[in-house]
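If you want the building blocks of each chain, they are given just below.
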Amino acid sequence: MSTLFEPVTLGAVALPHRVVMAPLTRMRATPPGDTASELSREYYVQRASAGLIVSEGTQVSTWGKGYMDTPGIHTLEQVAAWREVTDAVHAAGGRIAAQLWHVGRVSHESFHDGEPPVSASALPYRNRTTVRGEDGRPQRVNCPTPQALTARGIAQTVEDYRRATVNAREAGFDLVEIHAAHGYLLHQFLSPVSNHRDDAYGGSVENRERLTLEVVDAVTDAWSADRVGIRVSPVGKFNGLEDLGGGEAGLHLAGELARRDLAYLHLSEPDWAGGPALDDDFRARLRAAFPGPIIGAGAYTAEKAERLLGAGLIDAVAFGRAFIANPDLPARLRSGGPFNEPDPATFYGGGAEGYVDYPALG
Ligand code: FNR
């Protein structure tokens with residue numbers, strides 16, 4: 001039986017407890033270079049008591065960008081800006097992973113010199129993203145029909161993840177987390193809903209997994225398997241990708257990942273985003289398929305966390321919105337509260353308000 005406040009080891013990184021900060025896009029990077037801002041350094045340092053911080057989604061290339069003011073990890077300037085953040089988090093006693101992100105079709109032509117974003121297939125797509133409006137403020141817009149990645153584009157994408165991993169290491173991160181969840185590029189290849197390809201990257205479950213596994217292999221090759229985690233959300237509805245039957249494919253992928261000895265598998269559960277709650281039968285099958293560390297995330301309470309840790313179905317828990325509002329969340333969970341309430345109006349974009357001004361306990 002393990003509990004939230006016991007230590008755990010994720011690959012090469014030892015955590016003093018099991019309360020992880022989930023990856024949270026906050027759209028406060030500095031334009032035009034999409035560098036992590038000084039304010040974000042303060043934000044992450046405030047949250048350094050997390051067992052592990054997983055950074056906000058961080059694009060591996062310009063094609064990987066889909067929202068205004070999200071940070072990247074593909075230029076020297078971006079690496080230098082992240083170095084300031086990781087050094088400060090380490091000085092405050094914390095650990096931080098870089099979430100490597102490619103949004104695929106959840107994007108807009110204004111980020112790509114007028115060209116449509118890339119995806120597995122050129123399927124019409126109903127979802128929205130956020131660009132900078134004429135007044136400089138965030139504006140919600142429809143995502144256009146994407147273009148299908150060519151074989152060359154796929155090879156370049158794998159290379160972009162490799163380069164981003166070298167950069168993340170150089171920037172002082174402790175781990176990288178490959179974002180293969182939430183309807184973004186890797187998920188667009190994994191799901192038959194968004195992947196209608198008839199080449200080696202489409203059709204069978206093995207073919208649909210191919211890009212994700214090529215990325216995993218390139219990233220582990222660029223660093224080391226014990227420095228690499230991956231986030232998946234096989235079941236649910238995310239960003240206009242509705243795949244309620246993704247469970248079996250998710251278990252198959254987990255089996256492939258298990259053979260690669262990764263630092264962890266991060267399971268994003270669907271119920272926080274309007275999908276059905278996962279049941280323990282699925283969790284048990286996932287645990288059997290992936291014997292390494294599993295982080296659970298999505299609408300967790302302390303109670304749900306302790307129950308699933310105690311049952312041995314997960315090894316750590318990532319909290320998202322609670323960490324936005326409670327910089328010292330581990331201390332608050334330990335004492336049973338009180339908890340500040342998050343304000344969704346300041347989740348995305350803006351400045352210090354709703355970002356670095358939530359109070360810690362006296
Ligand atoms: C998210 N989430 C998310 N997930 C991810 O993998 N990468 C990301 O960049 C983001 N960004 C993001 C921003 C905001 C404002 C929210 C609310 C959520 C999902 C997040 O990591 C987490 O899985 C969910 O918030 C569910 O957990 P909670 O909030 O119920 O603990």
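Coordinates for the structure precede this section.
About the cut-offs
- Residues numbered from 1 in each chain as written.
- Predicted model: local features only at pLDDT ≥ 70, side-chain atom pairs only at ≥ 80, totals over all residues.
- Heavy atoms only, no water.
- Pairing = 2+ DSSP bridges.
- Helix = DSSP H or I, 4+ residues; strand = E, 2+ residues; numbered from the N terminus.
- Axes fitted to C-alpha atoms, helices over the stretch in contact; angles between N-to-C directions.
- Salt bridge = Lys/Arg side-chain N within 4 Å of Asp/Glu carboxyl O.
- Buried < 20%, exposed > 50% of the residue type's maximum accessible area, 1.4 Å probe, protein only.
- Expected span 1.5 Å × (residues − 1).
- Contact = heavy atoms within 4.5 Å.

Undergrad: How would you sum up the sheet that holds strand β14 (residues 264-268)? Please name residues and give values.
TA: Pairing within the closed barrel is parallel, and its eight strands lie in the order β3-β4-β5-β10-β11-β14-β15-β16. Each neighbouring strand pair of the sheet contributes to a mean axis angle of 25°, computed without reference to strand direction. Here three bridges tie strand β3 (residues 19-21) to strand β16 (residues 316-319), and the two strands are oriented parallel to one another. Along β16, the bridge assignment pairs valine 20 with alanine 318.

Undergrad: Can you explain the pattern of salt bridges? Please cite residues and give values.
TA: Between side chains of opposite charge, a pair can form when the charged atoms approach closely. Per the stated rule, a full pass over the model turns up 17 salt bridges. Here glutamate 256 and arginine 260 are joined by a salt bridge, their closest N and O atoms 3.5 Å apart. The class of glutamate 256 is buried, set by a relative accessible area of 18%. Since its relative accessible area comes to 22%, arginine 260 is described here as partly exposed. Bridged by salt links that share partners, the residues Glu269, Asp280, Arg283, Lys304 and Arg307 form one connected network.

Undergrad: Give a detailed account of helix α2 (residues 76-91), specifying residues and quantitative values.
TA: Along its 16 residues, α2 runs 22 Å from first to last C-alpha, staying within 8% of the 22 Å computed at 1.5 Å per residue. For α2, the full list of buried residues reads Gln78, Val79, Ala81, Trp82, Val85, Thr86, Ala88 and Val89. In this fold, the buried residues of α2 make contact with α1 (38-46), β4 (52-59), β5 (96-101) and α3 (151-170). In the stretch just after α2, glycine 93 is the one whose phi turns positive, near 90°.

Undergrad: I'd like a rundown of unusual backbone geometry, residues and numbers included.
TA: Cis rather than trans, the peptide bond between proline 31 and proline 32 has omega equal to 0°. Mapped onto the elements, proline 32 comes out in the loop between β3 and α1. The residue after glycine 337, namely proline 338, is reached through a cis peptide bond having omega 0°. Structurally, the position occupied by proline 338 is in the segment after α10 (329-335).

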